[in-house]
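Topology and contacts: notes
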Amino acid sequence: MDECWSQGVTGRRGTDIRNFTEADISEILKLHNDHRREAGATNMRKMVWNTDLQNLGQTFIESCHYEHNTNTGDMFGFRHIGENIYLASGDYYNLKAAVDNWHSETVNYNFTTGECSSVCGHYTQVVWADSHELGCGIVWCETLTGADTIKQGTVIICNYGPSGNVRHQDPFKAGVPCSDCPADASYCDDGLCSATDPSGATATPSTIDPTAPTTTTSTTTTPTTMPSTTGTLPATTGGDTIITVANVTEIPKLDVITQLIQNMVIFGFVSGALSLCLVFQYVNNYVNNKKYEREARSLKGV
């Protein structure tokens, strides 16, 4: 989850600022998808609106206490949900200013090392390829707490499903748009992988990897670096981002042991059967030899 603040510029004023209008929803979806198209990614999914995520964010910011929601795990079909927060210190707002502010952190992210030189968690969440459902809330706070010296302002919160910022993963794969879409979003909508076939969209190439993993994480606020330790992305100086992901593949030890026992049993059975055959053959040869000896003695009159 990530947060930032800036001066607002346009939009509804004062107490009229509460809940996203249909126009707001269309605009903030377009702003996100425009930035996602600009990334030039092979696997970037198209953002769609999720009213559950919208209600989650709206309900949380109604208290006008500027902080992150820590209850963002295992809901609405997502193991974890991502969150960005923006504060405009005025009784007005501008959605483009908010999303552009988050995206501007692209200059702080190094794709070669996967690390941030400064705050970049807002940016990586906006363009995280697997995050494809969005729900945002907005409210004007006459009395605001938790924001240091800012005592009133407009809070914008966006929730993302599933969350991004997973350790040891890049936000997206750079390359030909839609050339590596996941199986459940196999249509190409103007450079974004889509689950539905909109007018003019075409099916993605047959090179799609249907086994592409789904990212599952939980987030709280912004890192100054993205260190490479397995399992969690710890909070840094700002104390803003903690991301966890279960990404350990366990070896099926029980299956190996079971197979070994089965092989031993089969080997023992085959060995036993072979031994019995050899014994039987030896006894049979011994009996036949004695029989021949008696017949030979009879012929000689012994």
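Report follows, based on the coordinates. (Residues numbered from 1 in each chain as written. Predicted model: local features only at pLDDT ≥ 70, side-chain atom pairs only at ≥ 80, totals over all residues. Heavy atoms only, no water.)

1. Topic: the side chain of Glu105
To be explicit about the condition: Each helix is a run of H or I in the DSSP string that is no shorter than four residues. Each strand is a run of E no shorter than two, and both are numbered from the N terminus. Three exposure classes are used, based on accessible area relative to the maximum for each residue type with a 1.4 Å probe and protein chains only: buried under 20%, partly exposed in between, and exposed over 50%. When charges are counted, Lys and Arg contribute as positive and Asp and Glu as negative, whereas His and the chain ends are disregarded. Within this document, salt bridges are pairs made up of a side-chain nitrogen of Lys or Arg and a carboxyl oxygen of Asp or Glu, the two lying within 4 Å of each other. Contacts described as polar in this section are N or O atom pairs within 3.5 Å, which, within protein, must combine one atom able to donate a hydrogen with one able to accept it, while residues neighboring in sequence count only if both atoms come from side chains. The contact definition used throughout considers only heavy atoms, calling two residues in contact when any of these lie within 4.5 Å.
You can see Glu105 is positioned in the loop between helix H3 (95–103) and strand S6 (109–110). Among buried Asp, Glu, Lys and Arg side chains, Glu105 stands out as unpaired, with Arg36 the closest opposite charge at 14 Å. A distance of 2.3 Å separates the side chain of Glu105 from the side chain of His122, its partner in a polar contact. Only 3.5 Å separates the side chain of Glu105 from the backbone nitrogen of Tyr123, close enough to count as a polar contact. Excluding anything up to four places from it in sequence, Glu105 contacts Val119, Cys120, Gly121, His122 and Tyr123.

2. A look at the pattern of salt bridges
For side chains bearing opposite charge, pairing can occur when the charged atoms are close. If you walk through the whole model with that rule in mind, you get eight salt bridges. Between Asp190 and Arg37 there is a salt bridge, with its nearest N and O atoms 3.4 Å apart. A residue pair is termed long-range when its members are at least 10 positions apart, and Asp190 in the loop between strand S10 (187–189) and strand S11 (192–194) and Arg37 in helix H1 (residues 22–38) qualify at 153 residues. Given a relative accessible area of 58%, Asp190 falls into the exposed group. Of the residues examined, Arg37 reaches a relative accessible area of 26% and is grouped as partly exposed. In this structure, Asp180 and Lys173 form a salt bridge, with 3.0 Å as the shortest nitrogen-oxygen distance. Owing to a relative accessible area of 19%, Asp180 belongs among the buried residues under this scheme. Through salt bridges with shared partners, a single network forms among Lys30, Asp34, Arg37 and Asp190.

3. What about the state of the cysteines?
Stated precisely, the cut-off is as follows: Two cysteine sulfurs form what is called a disulfide whenever their separation falls within 2.5 Å.
Counted according to the given criterion, the structure contains five disulfides. Between Cys136 and Cys158 runs a disulfide, and the two sulfur atoms are separated by 2.2 Å. One quick way to see it: the torsion about the S-S bond of Cys136 and Cys158 is about 105 degrees, and its sign makes the bridge right-handed. With a gap of 22 residues between them, Cys136 in strand S8 (residues 133–141) and Cys158 in strand S9 (residues 153–161) connect regions that are remote in the sequence. The class for Cys136 is buried, based on a relative accessible area of 0%. Owing to a relative accessible area of 0%, Cys158 belongs among the buried residues under this scheme. In this model Cys178 forms its disulfide with Cys188; the gap between the sulfur atoms is 2.1 Å. The disulfide joining Cys178 to Cys188 has a torsion of about 80 degrees about its S-S bond and is therefore right-handed.

4. As for the packing of H1 against H3
Operational definition: Note on method: axes are straight lines fitted to C-alpha atoms, helices fitted across the in-contact stretch only, with angles between N-to-C directions ranging 0 to 180 degrees. Each angle is binned into one of four classes, with values under 35 degrees roughly parallel, values over 145 roughly antiparallel, values of 65 to 115 roughly perpendicular, and all other values oblique. Two helices crossing with the near one rotated counterclockwise from the far one by less than a right angle form a left-handed crossing, whereas a clockwise rotation gives a right-handed crossing. By the convention adopted, Pro, Cys, Tyr, Trp, Phe, Met, Ile, Leu, Val and Ala count as nonpolar, Lys, Arg, Asp and Glu as charged, and the other residues, Gly among them, as polar.
Where H1 contacts H3, the axes come no closer than 10 Å and their chain directions differ by 30 degrees. Comparing their axes, H3 and H1 come out roughly parallel. Here H1 and H3 pass one another in a crossing that is right-handed. Across the interface between the two elements, Asp24, Glu27, Ile28, Leu31, His32, His35 and Glu38 from H1 touch Leu95, Lys96, Val99, Asp100, Trp102 and His103 from H3. Its residues placed into classes, the contact of H1 with H3 shows five nonpolar, three polar and five charged.

5. Quick notes on the nonpolar core
Taken as a class, soluble globular proteins show a tendency for nonpolar side chains to be buried jointly. Note the threshold: The set of buried Ala, Val, Leu, Ile, Met, Phe, Trp, Tyr and Cys residues whose side-chain atoms join them within 4.5 Å is what this entry labels a nonpolar core.
Within the largest apolar cluster, 33 residues are counted, with the highest numbers of intra-cluster contacts made by Phe20, Ile28, Trp49, Leu134 and Ile156. Breaking this core down by element, the ones donating at least two residues are H1, strand S5 (82–88), H3, helix H4 (121–126), S8 and S9. Filtering out sequence-adjacent residues up to four positions away, Ile28 remains in contact with Phe20, Trp49, Leu95, Val99, Leu134, Cys136 and Cys158. Residues Cys64, Val139, Ile150 and Val155 belong to the second largest nonpolar core, which totals 13 residues.

6. Details of H3
Put simply, the test is: Arc definition: it is the arc formed by the directions from the helix axis to the C-beta atoms.
Leu95, Ala98, Val99, Trp102 and His103 are the residues of H3 that are buried. What you see down the axis of H3 is that its buried residues fit within an arc of 130 degrees, all on one side.

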